[in-house]
Amino acid sequence: MLNELDQKLDEWGYNFVRYADDLMIFTKSKRAAQRQYERVSKFIEGKLKLKTNKEKTEVSKLNQVKYLGYAFYRTKGKCKLKVHPDSINKLKDKIRMVTGRSNGMSIEVRRSKLNQIIRGWVQYFKMADMKTIMTSIDE
């Protein structure tokens with residue numbers, strides 16, 4: 001359904017990322033972001049006959065965005081991914097729940113669940129820089 005939007009964004013020369021119905025457009029200024037937002041929402045609501053969620057839509061700086069559990073940062077002029085602190089806290093909560101002494105699990109079940117959680121998390125966030133995060137959690 002949004003393939004037509006992707007093509008239009010490419011045609012306009014916008015830098016963007018889309019996963020399912022979540023879309024991020026990258027600009028150099030807040031004014032450019034507002035202008036592009038107006039243009040894109042007009043296209044989505046007019047041409048595609050879809051509604052945009054005004055409550056979820058925001059214009060913000062790159063380092064303040066959480067997208068699919070990731071956060072972004074710039075280094076040496078390049079944009080890189082890191083795991084958002086909220087996602088790290090969720091992982092720690094899951095680990096605490098599995099490793100807690102009052103859950104009645106055997107050591108084998110506990111180890112198996114812990115492996116599932118950690119492997120799934122690492123696989124999901126594999127595009128981010130995670131070495132220091134995993135080292136600190138392991139400690």
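Residues numbered from 1 in each chain as written. Predicted model: local features only at pLDDT ≥ 70, side-chain atom pairs only at ≥ 80, totals over all residues. Heavy atoms only, no water.

Identification of the protein chain as Reverse transcriptase (RNA-dependent DNA polymerase) from Proteiniborus ethanoligenes is taken from an unreviewed UniProt entry.

Describing the environment of Val-65
Tracing the backbone shows Val-65 in the loop between helix H2 (30–46) and strand E3 (70–75). Linking Val-65 and Met-24, residues 41 residues apart in sequence, is a C-alpha distance of 9.6 Å. Apart from residues lying up to four places away in sequence, Val-65 is in contact with Met-24, Ser-60, Tyr-70, Ala-71, Phe-72 and His-84. (Helix = DSSP H or I, 4+ residues; strand = E, 2+ residues; numbered from the N terminus. Contact = heavy atoms within 4.5 Å.)

Some words on the pattern of salt bridges
Scanning the model with the defined rule gives six salt bridges in all. A salt bridge links Lys-56 to Asp-22; the nearest nitrogen and oxygen atoms lie 3.4 Å apart. In this pair, Lys-56 sits in the loop between H2 and E3 while Asp-22 sits in strand E2 (residues 22–26), placing the two residues 34 residues apart along the sequence. The class for Lys-56 is exposed, based on a relative accessible area of 56%. Look at Asp-22 and you get partly exposed, because its relative accessible area is 24%. Here Glu-45 ties to Lys-54 by a salt bridge, and the two come within 3.3 Å at their closest N and O atoms. A residue is classified by how much of its surface remains accessible, and Glu-45, at 34% relative accessible area, is partly exposed. (Salt bridge = Lys/Arg side-chain N within 4 Å of Asp/Glu carboxyl O. Buried < 20%, exposed > 50% of the residue type's maximum accessible area, 1.4 Å probe, protein only.)

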